[in-house]
Amino acid sequence: MENLISLVNKIQRACTALGDHGESSALPTLWDSLPAIAVVGGQSSGKSSVLESVVGKDFLPRGSGIVTRRPLVLQLHKSDEGTREYAEFLHLPRKRFTDFAAVRKEIQDETDRETGRSKQISTVPIHLSIYSPNVVNLTLIDLPGLTKVAVDGQPESIVHDIENMVRSYIEKPNCIILAISPANQDIATSDAIKISREVDPTGERTIGVLTKIDLMDKGTDAVDMLEGRAYRLKFPWIGVVNRSQADINKNVDMIAARRREREYFNSTPEYKHLANRMGSEHLAKMLSKHLETVIKSKIPGIQSLISKTINEIETELSRLGKPVAADAGGKLYAIMEICRSFDQIFKDHLDGVRPGGDKIYNVFDNQLPAALKRLQFDKQLSMENIRKLITEADGYQPHLIAPEQGYRRLIESTLVTIRGPAEAAVDAVHSLLKDLVHKAVSETLDLKQYPGLRAEVGAAAIDSLDRMRDESKRATLQLVDMESGYLTVDFFRKLPQDVDKGGNPTHSIFDRYNDSYLRRIGTTILSYVNMVCATLRHSIPKSIVYCQVREAKRSLLDQFFIELGKMETKRLSSLLNEDPAIMERRSGLAKRLELYRSAQAEIDAVAWSK
């Protein structure tokens, strides 16, 4: 079975390469869910020496003041015996460093590239992997040393900035805190213990390391600390003896330094009984074993997070749509499929599957009847207008039986006012159809992916609706004109004659322009016009539905499809030009999905093999 820490290291590197890590994010990520060890301590507490002892190499910058100014994510990979040691930086993925002095310089240079040649700090981590047969599999995060005051060249906020950075790592429940405290200082003043106790008051996640044991005042020792009597943690304290500055200046070999450390604990009476659990070698092995134990306990939670994240990524990828095909045929097919999706959504609105079509019915059932009812015929059927048109229609010869031409002129001038409500109904339906086009465009997910195509489809649909509106107006107004062009004879044949009412026909011929007679003509014409309005109330909607609604369902994008067939590849490509942000987002999500699926498979394999 692959070593769990190696697996986690691989996943962490992949997460970091994709920017899917939690150092600067408040959102939980796979990187956050993977346990790691954060190294915390005050300035000059011996943090760098402890790390170098664990690695067995001189590779960290040294100096006075704040030397570590960016988090260093250090991943150790145990390689086969006899293989050459080397290091790799994430920001230089194809470059192997076999000279660890060059590693130190690159850490300094990369820090300066981010912060400038100042004493500023940065939360952007440096990621370093070291491959060696002399290390154990381990992930350590070296953080800037805690300080109490700002020195020259540092902002006054640096004390809080460093503390906040450290907290952002050690507050995470999956973080193991490696608290470094010098033995030659009172533990009550330890910066590492102070901040660790605040985020981990029970000490469940804290491992204490005492440095500089060999530098304690003569006559004193650290036994009470190492045995947990002075300050108790869940895990036993570990003491280390770092190389002296003289050893560092003389480039004393790290292997020799480890041997001297073992000899120190074995030969010092106060620590002899603790020697088997002291020293940097024991620290490295203990950390590796503990980290692997923690990882095993976190596997169910990690699996759950991975599954949830995979579902979320797949959902978002589906929303963003598929990437564009490369060939002309594929592009044309993709455009046609998107257009069909839009067309179906538009039809769904009309057919009631989606809301909106009911507003068209409201035009026919409420708006049109109300508009017809509001028509005022007072001007056309006033006594003055009736007398004028009747008289003019007689010409030089007074009518003998009925003023037929006068009737016709009065009816025609009255019916022409119905054109207004008919035309308004056409425009109202046109406006509603346009609204449904806009809704369908916004609801077609694939159109959001391609702004150019979205604009073209929307414009083409509106152009089609404009043509249909114009045709509908011609057809609908023709219905009104037809009523004016041919009057229903039966209506007038059924009208009662004067003689049937007991009137005097002889008198009515010669006294034909009295008010009573003209009023009767107006009443008759109004009855006929009302009958025509009742007929048009039903025929106008039929015309509009046939010319606009039905035609929109049948051929909304027909003209656009004809134009598509004539387009060259370059033009098709321009329609499928995506928003760069969407392309970048899809690409990033696809890589994340690949990472999470790979991590899921590997972690599941480990879980099943337990």
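Above this note sits the structure.
Residues numbered from 1 in each chain as written. Predicted model: local features only at pLDDT ≥ 70, side-chain atom pairs only at ≥ 80, totals over all residues. Heavy atoms only, no water.

A. The arrangement of the overall build of the chain in detail. In terms of helices and strands, the chain carries 23 helices and nine strands. For the chain, with 610 residues in total, the buried portion stands at 50%. Only carbon and sulfur atoms are counted for the fraction: they give 52% of the accessible area of the chain, which is about 30700 Å². (Helix = DSSP H or I, 4+ residues; strand = E, 2+ residues; numbered from the N terminus. Buried < 20%, exposed > 50% of the residue type's maximum accessible area, 1.4 Å probe, protein only. Areas by Shrake-Rupley, 256 points an atom, 1.4 Å probe, with all protein chains shown as cover.)

B. Main features of the nonpolar core. Ranked by size, the top nonpolar core spans 64 residues in total, and within it Phe342, Phe346, Ile418, Val437 and Leu453 carry the most contacts. Elements with a minimum of two residues in this core: α11 (328-351), α12 (358-374), α14 (404-415), α15 (419-443), α17 (451-485), α20 (515-555), α21 (558-566) and α22 (569-575). Here this core takes 13 residues from α20, the largest share from any one element. Once you skip the residues sitting within four places of it in the chain, Phe342 turns out to touch Val437, Ala440, Val441, Thr444, Leu447, Val457, Ala461, Leu556 and Leu557. (Core = buried A, V, L, I, M, F, W, Y, C linked by side-chain atoms within 4.5 Å. Contact = heavy atoms within 4.5 Å.)

C. Structural view of the sheet that holds strand β5 (residues 126-132). Strand order in the open sheet made by the nine strands is β4-β3-β5-β2-β6-β1-β7-β8-β9, with mixed pairing throughout. Either end of the sheet is taken by a strand with one partner, and the two such strands are β4 (92-97) and β9 (238-239). Examined bridge by bridge, strand β1 (residues 36-41) and strand β7 (residues 175-182) share six bridges and lie parallel to one another. Across the sheet, the residue bridging to Val40 is Ala179, located in β7. The strands that helix α3 (residues 47-55) touches are β1, β2 (72-78), β5, β6 (138-142), β7 and β8 (206-211); relative to β6, the one it contacts most, it runs at about 160°. (Pairing = 2+ DSSP bridges. Axes fitted to C-alpha atoms, helices over the stretch in contact; angles between N-to-C directions.)

D. A look at the packing of aromatic side chains. This structure, assessed with the given rule, holds five aromatic pairs. Considering the side-chain rings of Tyr264 and Phe265, the 5.4 Å spacing of their centres and the 80° angle between planes classify their relative orientation as edge-to-face. For Tyr264, a relative accessible area of 23% corresponds to the partly exposed category. For Phe265, a relative accessible area of 2% translates into the label buried. (Phe/Tyr/Trp six-rings, centres within 6.5 Å; stacked < 30°, edge-to-face > 60°.)

Note that every value here comes from positions in space, so none of it alone points to a role or purpose.
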